[in-house]
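Residue-level structure breakdown
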Amino acid sequence: MTYLKRIRDLREDHDDTQTQIARLLNVGQGTYADYESGKTRIPLDSMIILAKYYDVDMNYICGCSNIRNPFPKK
């Protein structure tokens, strides 16, 4: 699944650890590792938090687009 690779690549590109991102999402490191591996499906609200954190739109993070547009500002 493309979004699994995207969330891992974004984390690695920003030199974040799984533990740091797990804290951001309010989950344990093991749960976040399960998100990246595809063992557990990542909730939509967590995907939105990641998109905001990495400043990429949902189309990119979900794999619908290869263009890194910024997260929409209100």
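Preceding this paragraph is the structure being described.
Each chain has its residues counted from 1, running along the sequence as written. Reporting of local features is limited, given that this is a predicted model, to residues whose pLDDT is at least 70; pairs of side-chain atoms are given and counted only at 80 or more, and all residues count toward the totals for whole chains, interfaces and linings. The basis for every side-chain value is the complete set of heavy atoms in the structure, and neither hydrogens nor water enter the calculation.

**Topic: the environment of Ser37**
Using the following cut-off: Helix and strand assignments come from DSSP, with helices taken as H or I runs of at least 4 residues and strands as E runs of at least 2, each series counted from the N terminus.
Within the element layout of this structure, Ser37 appears in helix α3 (residues 29–37). Taking the C-alpha atoms as reference, Ser37 lies 9.0 Å from Arg8; in sequence the two are 29 residues apart.

**Concerning the nonpolar core**
Inclusion rule: By nonpolar core we mean a set of buried residues, namely Ala, Val, Leu, Ile, Met, Phe, Trp, Tyr and Cys, connected to one another through side-chain atoms within 4.5 Å. Burial classes follow relative accessibility: with a 1.4 Å probe on protein chains only, a residue under 20% of its type's maximum area counts as buried, one over 50% as exposed, and anything between as partly exposed. Throughout, a contact is declared for two residues whenever any of their heavy atoms are within 4.5 Å.
Core analysis: the largest hydrophobic core is formed by 18 residues, its most contacted members being Ile7, Tyr32, Ile42, Leu50 and Ile61. Secondary structure elements with two or more residues in this core: α1 (2–13), α2 (18–25), α3, α4 (44–54) and α5 (58–61). Not counting residues up to four positions away in its chain, the partners in contact with Ile61 are Tyr3, Arg6, Ile7, Leu10, Met47, Leu50, Ala51 and Val56.

**Quick word on the packing of aromatic side chains**
This is how it is decided: The rule is short: rings of Phe, Tyr and Trp, with Trp giving its six-membered ring, pair when the centres are within 6.5 Å, and they are stacked under 30 degrees, edge-to-face over 60, tilted in between. Whether a charge lies above a ring is judged from NZ of Lys or CZ of Arg, which has to be within 6 Å of the ring centre and within 35 degrees of the ring normal.
Per the stated rule, a full pass over the model turns up 2 aromatic pairs. Aromatic side chains Tyr32 and Tyr35 sit 6.1 Å apart centroid to centroid with 80 degrees between the ring planes, which places their arrangement in the edge-to-face category. Of this pair, Tyr32 and Tyr35 are both found in helix α3, 3 residues apart, which corresponds to roughly one turn of the helix. On the numbers, 4.9 Å between centres and 70 degrees between planes, the contact of Tyr53 with Tyr54 is edge-to-face. The class of Tyr53 is partly exposed, set by a relative accessible area of 41%. Classification of Tyr54 by relative accessible area gives buried; the value is 5%. Over the ring of Tyr60 we find Arg6; its NZ or CZ atom is 4.0 Å from the centre of that ring.

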